[in-house]
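Letter by letter, the chains look like this.
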Amino acid sequence: MVWASPVSTTLTIVERVRWGIIGVGDVTERKSGPGFQQAERSELVAVMRRNGGLAADYARRHDVPRWYDDADELINDPGVDAVYVATPPDSHKEYVVRVAQAGKPVYVEKPMARTTQECEDMISACDEAGVGLFVAYYRRAMPRFATIKELLDSGRIGQLRSVSIRNERPGQVAGTGHDGWRVDPEISGGGHFVDLGSHVLDLLDWLLGPVTHAAGVATNRGRRYPAEDLVTGVFSFRSGVEGVGVWNYDSFQHKDQVEIIGTAGTLRFSCFAEEPLRLLTARGVEKIKAPYPETVQLPLIQTVVNALTGHGESPSDGHSAVRTARVIDGLLSDYRDSHGINYSRATPAQGRAD
């Protein structure tokens, strides 16, 4: 398959970015929302949620001047320069298109959308409108993972040869409802593999280069919900690195490990925890502290603000994120087909901002 080159988008530069958020749910409380207030040349001026009482409560607690219960009112607010879409994935495409049509850049939660096609539609809308499209794969900008990239690029483990991924967690007890929409493919695009695995795959795209070939199997062994709970895959990266991955969400244990092996050593690290990096070479084992920032999305939000204010570029945009969507689609296509999961119908985004 040949993929077209990205369309060049020239961003309109502003001195300061005034942000609006569509969908002020849990992710915006600590991980992202405060980052729009903490970043340089940035402020959060408006929030929206279908439940006006919850929107007003969020605005009060976070000192945000305006709140809405209608997305179009926020999108068309002349005091909002850019919009962060923090709703579930089934509404990402619709909201991004509406923001683009209003002539405003957009920062959208990960996964970028449920399918590659939805992502490509979002990219086309933003490119045609001449606005920026950024995606919240925030590990690309976190100091922890910048340290990993520096170690790999420095040659500390020699020439890179292979990578292995293990991500496991026990299945939720039936009836607890803790997994919610994240395991409803019609809303999320899949299960925890889409929610968590997308982070890992996007990070490796940044560290090792794009995936050029992927194959695997997705199944549901626990039968607690409609989505897949066990995914295995093999990958080839443009850099020449070969990879294997296991994502098991019906396990007896919690496990989170990525291991990159080179000709002179190995680097092991967690993608979702703050434990030290482990560098293994002939000289022994070196533990390297690499904690998370208090607001995990702040470093990436700052790069987005930098791009919009002419002070730099962001490492995560629609064109990088769609590559992860293609890999996920490839691994889940047989499972979706065999379970009658398709996304041909219109997304239920109108008015939705949970």
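Note: the structure precedes this text.
These remarks concern the structure in this document. All figures in this text were calculated on a predicted structure; none of them were measured in a lab.

What follows is about the overall build of the chain. From N to C terminus, the chain includes 10 helices and 14 strands. Radius of gyration (C-alpha) of the chain: 20 Å, near the 20 Å computed for a compact globule of 354 residues. When the backbone C-alpha atoms are referred to their principal axes, the chain occupies close to 60 × 45 × 40 Å. Each of the 354 residues in the chain was classed as buried or not, and the buried ones make up 55%. Long-range contacts, defined here as pairs at least 24 residues apart, represent 71% of the contacts in the chain between residues at least 6 apart. Carbon and sulfur atoms provide 48% of the accessible area of the chain, an area that totals close to 15500 Å². When the 39 basic and 46 acidic side-chain charges of the chain are each reduced to a single mean position, those positions are 6 Å apart.

Looking now at the packing of aromatic side chains. All chains considered together, the criterion is met by 9 aromatic pairs. Ring geometry for Phe36 versus Tyr84: centroids 5.0 Å apart, planes at 35°, classification tilted. With Phe36 in helix H1 (residues 35-38) and Tyr84 in strand E4 (residues 82-85), this residue pair connects regions lying 48 residues apart in the sequence. Note on accessibility: Phe36 and Tyr84 belong to one class, buried. When the ring of Phe193 is compared with that of Trp247, the centres are 4.9 Å apart and the planes differ by 70°; the resulting orientation is edge-to-face. Remark: Trp247 occurs in strand E10 (residues 242-251) and Phe193 occurs in helix H8 (residues 192-208); sequence separation between them is 54 residues. An identical accessibility class is assigned to Phe193 and Trp247; each is buried. An aromatic cluster of at least three residues, connected via ring pairs, comprises Trp19, Phe36, Tyr84 and Tyr107.

Our next topic: the sheet that holds strand E3 (residues 66-68). The 6 strands are arranged E3-E2-E1-E4-E5-E6 in an open sheet whose pairing can be described as parallel. Each end of this open sheet is capped by a strand with a single partner; those strands are E3 and strand E6 (133-135). The average angle at which neighbouring strand axes cross in this sheet is 25°, direction not considered. Here 4 bridges tie strand E1 (residues 17-22) to E4, and the two strands are oriented parallel to one another. Across the sheet, the residue bridging to Ile21 is Tyr84, located in E4.

In this section: the sheet that holds strand E12 (residues 265-269). With mixed pairing, 8 strands are arranged side by side in an open sheet as E8-E9-E10-E7-E11-E12-E13-E14. Only two strands of the sheet have a single neighbouring strand rather than two, namely strand E8 (211-219) and strand E14 (284-288). The average angle at which neighbouring strand axes cross in this sheet is 15°, direction not considered. Together, strand E7 (160-170), strand E11 (255-262), E12, strand E13 (277-281) and E14 form the strand contacts of helix H6 (residues 143-153), whose direction differs from that of E12 by roughly 170°. Running at roughly 30° to E8, helix H10 (residues 318-338) makes contact with E8 and strand E9 (230-237) of the sheet.

With that settled, consider the pattern of salt bridges. In the structure shown here, the tally under the stated rule is 22 salt bridges. Measuring nitrogen to oxygen at the nearest pair gives 3.2 Å for the salt bridge that ties Arg98 to Asp72. Here the residue Arg98 occupies a position in helix H4 (residues 92-101), and Asp72 occupies one in helix H3 (residues 71-75), the gap between them amounting to 26 residues. Using a relative accessible area of 34% as the deciding quantity, one classes Asp72 as partly exposed. The residue Asp121 makes a salt bridge to Lys93 at a minimum N-O spacing of 2.9 Å. Separated by 28 residues along the polypeptide, Asp121 in helix H5 (residues 116-129) and Lys93 in helix H4 bring together distant segments of the chain.

The next thing to look at is the packing of H6 against H8. The N-to-C vectors of H6 and H8 enclose an angle of 35°; their axes lie 10 Å apart at closest approach. With respect to the hand of their crossing, H6 and H8 are arranged in right-handed fashion. For the pair H6 and H8, contact is made by Phe145, Ala146, Ile148, Lys149 and Leu152 and by Leu203, Trp206, Leu207 and Leu208, respectively.

Attention now goes to unusual backbone geometry. Most peptide bonds adopt trans geometry, and most residues besides glycine take a negative phi value. A cis geometry characterises the amide bond from Lys110 onward to Pro111, with omega recorded as -15°. Within the secondary structure layout, Pro111 lies in the loop between strand E5 (106-108) and H5. One non-glycine residue, Asp63, adopts positive backbone phi at about 55°. Tracing the chain through its elements places Asp63 in the loop between helix H2 (52-61) and E3.

By the secondary structure assignment, Gly35 is in helix H1. By relative accessible area, Gly35 is classed as buried at 0%. Taking the C-alpha atoms as reference points, Gly35 and Gln297, separated by 262 residues in sequence, lie 6.5 Å from one another. The residues contacting Gly35, other than those within four sequence positions of it, are Thr295, Leu298 and Ile301.

Here is what the cut-offs are and how they apply
Residues numbered from 1 in each chain as written. Predicted model: local features only at pLDDT ≥ 70, side-chain atom pairs only at ≥ 80, totals over all residues. Heavy atoms only, no water. Helix = DSSP H or I, 4+ residues; strand = E, 2+ residues; numbered from the N terminus. Rg over C-alpha atoms; globule rule 2.2 N^0.38 Å. Buried < 20%, exposed > 50% of the residue type's maximum accessible area, 1.4 Å probe, protein only. Contact = heavy atoms within 4.5 Å. Areas by Shrake-Rupley, 256 points an atom, 1.4 Å probe, with all protein chains shown as cover. Lys, Arg positive; Asp, Glu negative; His and termini not counted. Charge placed at Lys NZ, Arg CZ, Asp CG, Glu CD. Phe/Tyr/Trp six-rings, centres within 6.5 Å; stacked < 30°, edge-to-face > 60°. Pairing = 2+ DSSP bridges. Axes fitted to C-alpha atoms, helices over the stretch in contact; angles between N-to-C directions. Salt bridge = Lys/Arg side-chain N within 4 Å of Asp/Glu carboxyl O. Left-handed = near helix turned anticlockwise from the far one by under 90°.

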